[in-house]
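Below are the chains, spelled out letter by letter.
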Amino acid sequence: MRGRLGTLTALYVTQYLGIGFITVGLTAILRDGGTSLDTLALLQFVGLVWPVKFLWAPLLDRYGSRHRGHYRSWLLALQGGLVLALLALLPFDRPAGQLGPVVAICVAYVFLSATQDIAVDAVAVRLLSERSRGTGNGIQVAASYVGNLLGGGACVVVYDRFGWVPAILLLAGLTAVGLLVVWRFREPERTDRVASAGQAYRALLSVLGQPGCRRWTFGVVPLVYVGAGATYALVTPALVDAGWSLARVGVVTGVVTSLPAIVAGLVAGAAIGRFGRGRVLVAGGVALALSTAMLLPLMNGRAPLGGTVAALCCFMAAYTIANVVLYTVNMDYSRPGTGGTDFTVLSSFGLVCSFVAAAVALAAADAFGYPTVAVASVVLVALGVLLGLGHQRRFRRPSDVLPGGRKLAEVPG
């Protein structure tokens, strides 16, 4: 199991390296080169590829090499494609003046990264036992922050000191580690391949027919994601309104708060295996409520450095805990034969909720103020946690027993 978790860790981290560079590092580099804020805002739309990746996820479940491993064959091509896409950026050492080809390469990279995520998630569904899914998804969420730290932080430092080419080579080299891991990975033989592409595509809807899945997907997930995502969307504009410089905002929100989030993701994953999904969801919800209360001074325009950084670190840690639980239950509902499709459909809906939350929160804050939206967010999260706890108590499996005979009242049937 340690070997499997190590493989997943390497693949998830390298997956997010380029994403962190595009969304954080490249944005800073382009702004430094004089790119307008309107253009930078358009660059963020390349991330919309991720929520629609369910459209081609069934193809990965249906087709794959029997000789090289069903999903391993996809990963070899996709991980190699990620490295090549990054190397394709090498000639454009003045990206602000060559924005067209740079954006085109970024779109290709995001597409490859989103597709690689489908394959990695499918492998995780097949390799992880129910007890180890919390740990696996804790690693997945923590890996996103590690990728942002390296891609959005370390590579920018290298760019600032040594230039564009060394920064891109570092990014491509780190991503190539994932290719080496895939090369050494030996995927268990697959005997449950879906019979046709049509059957694979029917999984897009049939996944929701499992007991309790619709209640989880359309009740718990949107309440928690919209509630937590709404507060998160307010953080950057509130910091700017409070007088923070863009440089300070970037360091604190992109680097400093990532560290406790990484720890929280790993701890939450381990806690799920020990205490169950429902209890950890409650812990995350309570932590979100308390940390949002800690952010109220910021929402009212007061942002002393120490107190604000502490509040943001607590909020990101709590947000991560809730996220790990949501991902874990999504994996519970993912069937081995169509794991890539199932997990992608369920997680993509959460991404859509996050996008909607950001837009609605900013519009509501303009009309009613930051504090009102923050309080409303706490109410939504609380409702989501209560609904989630009820869901976990109702849809449990009698076989989920912890050492000592205690039942896990959290896994859907």
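First, a word on scope: everything that follows refers to the structure included in this document. (Residues numbered from 1 in each chain as written. Predicted model: local features only at pLDDT ≥ 70, side-chain atom pairs only at ≥ 80, totals over all residues. Heavy atoms only, no water.)

**A word on the environment of Leu288**
Next up, step 1: Within the element layout of this structure, Leu288 appears in helix α12 (residues 277-294).
Next up, step 2: Judged by relative accessible area, Leu288 falls into the buried class, the value being 2%.
Next up, step 3: Discounting chain neighbours no more than four positions away, the residues touching Leu288 are Ala228, Phe315, Ala318, Tyr319, Ala322 and Val381. (Helix = DSSP H or I, 4+ residues; strand = E, 2+ residues; numbered from the N terminus. Buried < 20%, exposed > 50% of the residue type's maximum accessible area, 1.4 Å probe, protein only. Contact = heavy atoms within 4.5 Å.)

**Side note on the packing of aromatic side chains**
Each aromatic ring pair is described using two quantities: the centre-to-centre distance and the angle formed by the ring planes.
Next up, step 1: This model, assessed by the stated rule, comprises eight aromatic pairs.
Next up, step 2: Seen in terms of ring centroids, Phe21 and Trp164 are 6.2 Å apart; in terms of plane orientation they differ by 55°. Their pairing is tilted. With a gap of 143 residues between them, Phe21 in helix α1 (residues 2-32) and Trp164 in helix α7 (residues 164-184) connect regions that are remote in the sequence.
Next up, step 3: On the accessibility criterion, Phe21 (2% relative accessible area) is buried.
Next up, step 4: Note on Tyr327 and Phe343: the rings are 5.8 Å apart at their centroids and 75° apart in plane angle, and the pair reads as edge-to-face. With Tyr327 in helix α14 (residues 305-332) and Phe343 in helix α15 (residues 339-368), this pair connects stretches of sequence that are 16 residues apart. Pair check on accessibility: Tyr327 and Phe343 agree, each one buried. (Phe/Tyr/Trp six-rings, centres within 6.5 Å; stacked < 30°, edge-to-face > 60°.)

**Let's talk about the nonpolar core**
Next up, step 1: The biggest cluster of nonpolar side chains holds 121 residues, and the ones touching the most others in it are Phe21, Leu26 and Leu288.
Next up, step 2: The biggest single contributor to this core is α14, with 17 residues.
Next up, step 3: Not counting the four nearest positions on each side in its chain, Leu26 is found in contact with Phe21, Leu43, Pro95, Val102, Cys106 and Trp164. (Core = buried A, V, L, I, M, F, W, Y, C linked by side-chain atoms within 4.5 Å.)

**Looking at the pattern of salt bridges**
Working definition: two side chains of opposite charge can pair if their charged atoms are close together.
Next up, step 1: Counted by the stated rule, this structure contains four salt bridges.
Next up, step 2: Among the ionic pairs, Lys53 bridges to Asp117, the shortest N-O distance being 2.3 Å. In this pair, Lys53 sits in the loop between α2 (37-43) and α3 (57-62) while Asp117 sits in helix α5 (residues 99-127), placing the two residues 64 residues apart along the sequence.
Next up, step 3: The residue Asp342 makes a salt bridge to Arg335 at a minimum N-O spacing of 2.8 Å.
Next up, step 4: You can call Arg335 partly exposed: its relative accessible area is 25%.
Next up, step 5: Taken together, the salt bridges that share partners define one network made up of Arg133, Arg277 and Asp332. (Salt bridge = Lys/Arg side-chain N within 4 Å of Asp/Glu carboxyl O.)

**Digging into the side chain of Lys53**
Next up, step 1: Judged by relative accessible area, which is 1%, Lys53 ranks as buried.
Next up, step 2: If we skip the residues at most four places from it in the chain, Lys53 touches Ala114, Asp117, Ile118, Thr344 and Ser348.

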